[in-house]
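Coordinate inspection notes
Listed here are the chains, written in short residue letters.
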Amino acid sequence: QVYLVDSVGVWVQPGGSLKLACTASGLTFNNFAMIWHRQSPGKERVVVAQITMSGKMTRYADAVKGRFTISRDNAKNMVFLQMDNLNIEDTAVYYCNGKGGVDTSDYGMDYWGEGTLVTVSP
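Since we're looking at a predicted model, the values are computed, not measured. (Residues numbered from 1 in each chain as written. Predicted model: local features only at pLDDT ≥ 70, side-chain atom pairs only at ≥ 80, totals over all residues. Heavy atoms only, no water.)

Before going further, it helps to examine the packing of aromatic side chains. Tallying each qualifying case throughout the model produces two aromatic pairs. Both rings, one in Phe32 and one in Tyr111, keep their centres 5.7 Å apart while their planes meet at 55°; by these two values the pair is tilted. Taken together, the positions of Phe32 in strand 3 (residues 32–39) and Tyr111 in strand 9 (residues 110–112) put the pair 79 residues apart, joining distant regions of the chain. Under the relative-accessibility criterion, Tyr111 is labelled partly exposed at 38%. Consider the rings of Tyr95 and Trp112, whose centres lie 6.4 Å apart with planes at 75°: the pair is edge-to-face. A residue pair is termed long-range when its members are at least 10 positions apart, and Tyr95 in strand 8 (residues 92–100) and Trp112 in strand 9 qualify at 17 residues. Owing to a relative accessible area of 19%, Tyr95 belongs among the buried residues under this scheme. Note on Trp112: relative accessible area 34%, which makes it partly exposed. (Phe/Tyr/Trp six-rings, centres within 6.5 Å; stacked < 30°, edge-to-face > 60°. Helix = DSSP H or I, 4+ residues; strand = E, 2+ residues; numbered from the N terminus. Buried < 20%, exposed > 50% of the residue type's maximum accessible area, 1.4 Å probe, protein only.)

In structure tokens form, the structure reads like this:
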């Protein structure tokens with residue numbers, strides 16, 4: 001497996017914080033659960049955080065529990081990922097993903113952002 005990573009991105013020192021934002025357009029935003037994924041160099045893409053359509057329920061991967069917070073603002077069609085106490089292992093391309101919720105007219109729809117490279121390094 002070959003992994004290609006963009007050379008331009010956001011840099012932060014270990015222990016630092018960063019907030020990612022994703023803005024959606026052309027869809028009924030509150031019909032979509034929103035998910036943040038990441039893929040580190042040489043590793044598989046994994047889910048790091050999820051939030052339900054209403055924003056009332058969230059879920060996190062064990063590796064980021066207590067450090068990352070996902071939130072959404074449905075009035076602005078935005079989802080956020082607040083990342084605190086970053087470490088070198090958090091270095092990855094982070095992707096914003098929307099999945100149509102069950103019992104909505106958008107069920108089965110799946111949209112992806114282009115991804116943002118976050119590099120945690122001294």
